[in-house]
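# Report on the structure
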Protein chains: 2
Amino acid sequence: MTPTGNRLCAMFLGVWLGFGVLPAAADTQVAGETKISSFTLGNGMEVVVIPDHRAPIATHMVWYKVGSADEPPGKSGIAHFFEHLMFKGTTNHAAGEFDRAVAEIGGNNNAFTSYDYTAYFETVPADALEQMMAFEADRMRNLVLSDEVIATERDVVLEERRSRIDNDPSALLDEEVSATLWQNQPYRIPVIGWMQEMKQLNRADAQAFYDRYYTPNNAVLVVAGDVEEEAVKAMAERTYGKVARGPDLPPRERPVEPEQNTKRTVTLSDQRVSVPSFSAQWVVPSYSTAEPGEAEALDLLAEILGGGVRSRLYQELVVKQRIAVSTGASYSGTMLDDTSFAVYGAPVGQAALEQVETAVTREIARIADEGVTADELESAKKRFVRATIFARDRQTAMANIFGSTLATGGSVRDIEEWPGRIEKVTPEQIKTAAARYLVPSRSTTGYLLPQAKGGN
Amino acid sequence: MTPTGNRLCAMFLGVWLGFGVLPAAADTQVAGETKISSFTLGNGMEVVVIPDHRAPIATHMVWYKVGSADEPPGKSGIAHFFEHLMFKGTTNHAAGEFDRAVAEIGGNNNAFTSYDYTAYFETVPADALEQMMAFEADRMRNLVLSDEVIATERDVVLEERRSRIDNDPSALLDEEVSATLWQNQPYRIPVIGWMQEMKQLNRADAQAFYDRYYTPNNAVLVVAGDVEEEAVKAMAERTYGKVARGPDLPPRERPVEPEQNTKRTVTLSDQRVSVPSFSAQWVVPSYSTAEPGEAEALDLLAEILGGGVRSRLYQELVVKQRIAVSTGASYSGTMLDDTSFAVYGAPVGQAALEQVETAVTREIARIADEGVTADELESAKKRFVRATIFARDRQTAMANIFGSTLATGGSVRDIEEWPGRIEKVTPEQIKTAAARYLVPSRSTTGYLLPQAKGGN
């Protein structure tokens, strides 16, 4: 939030979206109640307006359809690095002016980078919306990328990598698990970048990235809050509408996964680890790549298997067997390419990690072999819908749902129709998804272990 | 060798070079005895001439400095696919004419693709050399790439993948081990390509690849045999010299490996497997990336640890303990980027795979902890030099040594000086290399297992 150095940078790592913080898409009720509208400016910028008149505030977000998975080979980290650069000076505003303007009116702002998108947001009094648009439209095209700015901010992201990844055994393991799970797809490369490549990022890289991706026709504007469509449209046209359209980009066709045939493990032993843990992952379809109904089934499978304290894993391992301190499952459906499904667990007391892993594997096999009951599925659907209603209640969460969906190839209609599609999922589809995708001989499992004595 | 379909295609997989079939570079004696010369044509084509007058034959090779690791993202397999296309028709010769001309004079010809280069060769009576040059210079620029040719040959390489990789559990495992060992470097992608990307290769991809890489300034000509420098030069100028220089290519800077922190395993269980086996690999420097003396030490470490029946692994596991049917070590030093060091083993009789792996690990630890003796090192150097002398005796092996070295950034002088550098390696350097690189907590191990009953 401060203009230099230690700005808190929320870098979404994909998994974030899968842990129930945000459901993959929103409840259709919202659309009915609040008259969500969407339109496109003359220069190709998509706009979504989500009126919410409970308080005189507005959330303003700009989503660029570019993330770490779009980076050129050898340039890992450029998307996230660029997110930092966007807080530097423009030809019209000195570095820090935008941040100060937000702070002075009691708002807050930040940005985040993920595999498929980069987003910038401000939550402010509704009457400051046009000012936000003016600032955001300005930095879409007028950023000053000097060698000095590049060098300074590169040091910042290098330090961010050191402190957030290299000093954290769990983060280091996650990186190498991803690099193992994904044999070809770019989700294998960490969003923050590989250290040796981050060090080489330069002004030419940044300028090329800016010119290619930071254009109105590669962006989605989401405004949620105490606003009306017509007023937003008029403001957007006065600000963003003046930014010239950029080059047409080719379709986002990236390398995809080959068929996987092996079972893989990745182990990190570190003296900072006290409780061992494991996480097994599989490559599964996302909402963008799945056959109809499959992604919805995977969302509900994650909910039934490991979504909170009502789930099979929690009930069996934590409550009944008392062998796990934590266990669960997650599915990150809102991705442009194939995504991952994960299960995880850690032992409690004298229980061994192996016991926990075996018990988790058994719960998966039970669903793959015997399926789930109709009651269990109905209950999971209800929990899932309830989570969506909670999300709806948070303006920023709503904006996130629309932004992430539109930035990964989905539409407003997809979001509106999603609850109906969830409702239609059958017990047989849950069983089929588990049997088809969660195959032990094709899993990639990470083990985080206390350092064995004397050893490497 | 036949103009269509079933031409035997020798695709070098890197490891090939490490198993002692070819040493990493040649004995300097050769240079002294045979007056190896090198020069560059006006259009930038490098030429190496290796006179060998024992028989009236000549080996003619053209090495292009492009391999699978140079492919654009999502286009895996294009380098090898292109090797196949080079046997199709040109504007001057119908498909098959070149092959027939070689066969009619009793010669043989073929080609191979690796990570860093693609090479074409003919061994023929020496008086047919200029004819070979004419054919080879012709297909360097005049290939006819029609949609029909592309479609037909794409089916051939897809079938090659099915028969050589997808039907072979060992090859499938090797692919996924590589995709796991290499977290960022393109050696992670199989030379033959991922099936789903091979299916998409098209005429535009092939034409772009041809125009970019198949140029005299991106090629090395190696002629070994009953020839003289001046005559070769005159012939090369009359043939290759007429091909226009292509675009200047940027340096071959590819994504490199991040620091590795984890121990990884990759397991394939298959009913076609009867004897289980394992192979552990590490990322290590190549002759192109190593500090002075390090690659030479790794070559000798592979020799001492696992180079044939005199090695520690063979003597300990096969002869003394009688637990292994096979075991050994290999190092593939002639690569443009960092390369891999591998150890492997399979149990005999009632011995378990785990016993073999434990024993191999112990032999590595013995060298890392206690080093090797001066006698042992001298003996390894002698065996290594002897292998080189054998290689020297085969004209094609000599041509391979020079071609692969020059295509991966080395020079004729590197090859000439190599035996002297091997001679200087000390026991301490062997110990340091083992301790620094062959670290158990950073290994990637592949397990090929018989199918467990009832299971995946």
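A quick note: this is a predicted structure, and the numbers were derived from the prediction, not measured.

This part is about the overall build of chain A. If you tally the helices and strands in chain A, you get 17 helices and 11 strands. Over its C-alpha atoms chain A spans a radius of gyration of 22 Å, differing by no more than 12% from the 23 Å that the globule rule assigns to 456 residues. Buried residues in chain A amount to 59% of all 456 residues. Sequence separation of at least 24 residues holds for 82% of the intrachain contacts in chain A that already meet a minimum separation of 6. Carbon and sulfur atoms form 52% of the exposed surface of chain A, whose accessible area is close to 18,000 Å².

Let us now look at the domain arrangement of chain A. Residues and elements named next belong to chain A. With domains assigned, chain A is organised as domain 1 (26–242) and domain 2 (264–450). Once you take the C-alpha centre of each, domain 1 and domain 2 turn out to be 28 Å apart. Residue-level contacts link 43 residues of domain 1 with 42 residues of domain 2. For the pair domain 1 and domain 2, the interface holds zero salt bridges.

Quick look at the pairing of strand β1 (residues 37–40) of chain A now. The two faces of β1 of chain A differ: S37 and F39 of chain A on one face are buried, but S38 and T40 of chain A on the other face are not. Counted along the chain from β1 of chain A to the antiparallel partner strand β2 (residues 46–51) of chain A, the turn is five residues long, and its residue G44 of chain A has a positive phi close to 95°.

This part takes up the relation of the copies chain A and chain B. Aligned on chain B, chain A shows an RMSD of 0.0 Å; the corresponding rotation is 180° and the shift along the axis is 0.0 Å. The superposition operator between the copies reduces to a two-fold rotation axis. Looking at the interface residues of chain A, 100% of them are also at the interface in chain B, so both copies use one shared face.

Right, let's talk about the sheet that holds strand β2 (residues 46–51) of chain B for a bit. Residue and element names in this part refer to chain B. One open sheet holds the six strands; their spatial order is β1-β2-β6-β3-β5-β4, and the pairing between them is mixed. Two strands bound the open sheet, and with one partner strand each, they are β1 (37–40) and β4 (108–113). Each strand axis lies, on average, 15° off the axis of its neighbour in the sheet, ignoring direction. Of the pairings in the sheet, the one linking β4 to strand β5 (residues 118–125) comprises six bridges and is antiparallel in character. Paired with T113 across the two strands is T118, which belongs to β5.

Facing 33 residues of chain A, the contacting portion of chain B comprises 33 residues. Run the count over chain A and chain B and you get two salt bridges. The residue R264 of chain A makes a salt bridge to E176 of chain B at a minimum N-O spacing of 3.9 Å. Here chain A is connected to chain B by 19 residue pairs in polar contact (both at pLDDT 80 or more). Of the residues forming the side of chain A that touches chain B, the biggest block, six residues, is contributed by strand β7 (residues 263–270) of chain A. Taken together, the residues that form the side of chain A that touches chain B break down as 14 nonpolar, 12 polar and seven charged. Bridge count for β7 of chain A against strand β7 (residues 263–270) of chain B is five bridges, and the pairing is antiparallel. Across the sheet, the residue bridging to T267 of chain A is K263 of chain B, located in β7 of chain B.

Here we come to the sheet that holds β7 of chain A. Adjacent strands of a sheet form backbone hydrogen bonds with each other and so pair up, either parallel or antiparallel. Overall, mixed pairing links the 10 strands, which are arranged β9(A)-β10(A)-β8(A)-β11(A)-β7(A)-β7(B)-β11(B)-β8(B)-β10(B)-β9(B) in an open sheet. On the outer flanks of this sheet lie β9 (324–331) of chain A together with β9 (324–331) of chain B, each paired with one strand and no other. Strand-to-strand twist of the sheet, defined as the mean angle between neighbouring strand axes without regard to direction, takes the value 15°. Direction of pairing for strand β8 (residues 277–284) of chain A relative to strand β10 (residues 339–347) of chain A: antiparallel, over a ladder of seven bridges. Within β10 of chain A, the residue paired with W282 of chain A across the bridge is F341 of chain A.

Take the pairing of strand β6 (residues 219–225) of chain B next. Residues and elements named next belong to chain B. Burial within β6 is extensive, with seven of its seven residues counted as buried. Neither face of β6 is exposed, since A219, L221, V223 and G225 on one face and V220, V222 and A224 on the opposite face are all buried. Pairing of β2 with β6, which is carried by six bridges, proceeds in the parallel orientation. Looking across to β6, one finds that V48 is bridged to V222. Pairing geometry for strand β3 (residues 57–64) and β6, over seven bridges, is antiparallel. Across the sheet, residue T59 finds its bridge partner in β6, namely A224.

All names here are of chain A. Positionally, S340 belongs in strand β10. We classify S340 as buried; its relative accessible area is 11%. Ignoring anything within four residues of it in the chain, the contact list for S340 reads L181, W182, Q281, W282, V284, S330, Y331 and S332.

Once that is clear, we can look at the packing of aromatic side chains. Within the structure shown, the criterion is met by 36 aromatic pairs over all chains. Aromatic side chains F82 of chain B and Y214 of chain B sit 4.8 Å apart centroid to centroid with 40° between the ring planes, which places their arrangement in the tilted category. In this pair, F82 of chain B is assigned in helix α3 (residues 78–85) and Y214 of chain B in the loop between α9 (203–213) and β6, connecting sequence segments 132 residues apart. Since its relative accessible area comes to 0%, F82 of chain B is described here as buried. Where F384 of chain B meets W418 of chain B, the ring centres are 5.7 Å apart and the plane angle is 50°; that geometry is what we call tilted. With F384 of chain B in helix α14 (residues 374–393) and W418 of chain B in helix α16 (residues 412–423), this residue pair connects regions lying 34 residues apart in the sequence. Across this residue pair, the class does not change: F384 of chain B and W418 of chain B are buried. Taken together through their ring pairs, the aromatic side chains of Y64, F82, F87, Y120, F209, Y210, Y213 and Y214 of chain A make up a single cluster.

This part takes up the pattern of salt bridges. Working definition: two side chains of opposite charge can pair if their charged atoms are close together. Residues and elements named next belong to chain A. The final tally for this structure, using the stated rule, is 56 salt bridges over all chains. D248 serves as the salt-bridge partner of R245, at 3.2 Å between the closest nitrogen and oxygen. On the accessibility criterion, R245 (48% relative accessible area) is partly exposed. Looking at D248, the relative accessible area reads 60%, which means it is exposed.

The subject of this paragraph is the UniProt feature "domain: Peptidase M16 C-terminal" (unreviewed entry) in chain A. Taking the numbering used here, the UniProt-annotated feature "domain: Peptidase M16 C-terminal" (unreviewed entry) corresponds to residues 201–383 of chain A. Structurally, residues 201–383 of chain A is divided into 39% helix and 22% strand, and its ends, taken at the C-alpha atoms, are 45 Å apart.

All right, on to the packing of helix α11 (residues 294–306) of chain B against α16 of chain B then. Residues and elements named next belong to chain B. The N-to-C vectors of α11 and α16 enclose an angle of 70°; their axes lie 9 Å apart at closest approach. Classified by the angle between their axes, α11 and α16 sit roughly perpendicular to one another. Considering how the two elements wind past one another, α11 and α16 form a crossing that is right-handed. Of the residues in α16, those in contact with E296, D299 and L300 of α11 are W418, R421 and I422. The residue inventory of the contact of α11 with α16, partitioned by class, reads three nonpolar, no polar and three charged.

What counts, and at which threshold
Residues numbered from 1 in each chain as written. Chains lettered and ligands numbered in written order. Predicted model: local features only at pLDDT ≥ 70, side-chain atom pairs only at ≥ 80, totals over all residues. Heavy atoms only, no water. Helix = DSSP H or I, 4+ residues; strand = E, 2+ residues; numbered from the N terminus. Rg over C-alpha atoms; globule rule 2.2 N^0.38 Å. Buried < 20%, exposed > 50% of the residue type's maximum accessible area, 1.4 Å probe, protein only. Contact = heavy atoms within 4.5 Å. Areas by Shrake-Rupley, 256 points an atom, 1.4 Å probe, with all protein chains shown as cover. Domains from an automatic or database assignment. Salt bridge = Lys/Arg side-chain N within 4 Å of Asp/Glu carboxyl O. Pairing = 2+ DSSP bridges. Least-squares fit on C-alpha atoms with pLDDT ≥ 70 in both. Axes fitted to C-alpha atoms, helices over the stretch in contact; angles between N-to-C directions. Polar contact = N/O pair within 3.5 Å; in protein donor to acceptor, adjacent residues only side chain to side chain. Nonpolar A, V, L, I, M, F, W, Y, C, P; charged D, E, K, R; others polar. Phe/Tyr/Trp six-rings, centres within 6.5 Å; stacked < 30°, edge-to-face > 60°. UniProt positions renumbered as here; feature names shortened; annotations may be inferred. Parallel < 35°, antiparallel > 145°, perpendicular 65-115°, else oblique. Left-handed = near helix turned anticlockwise from the far one by under 90°.

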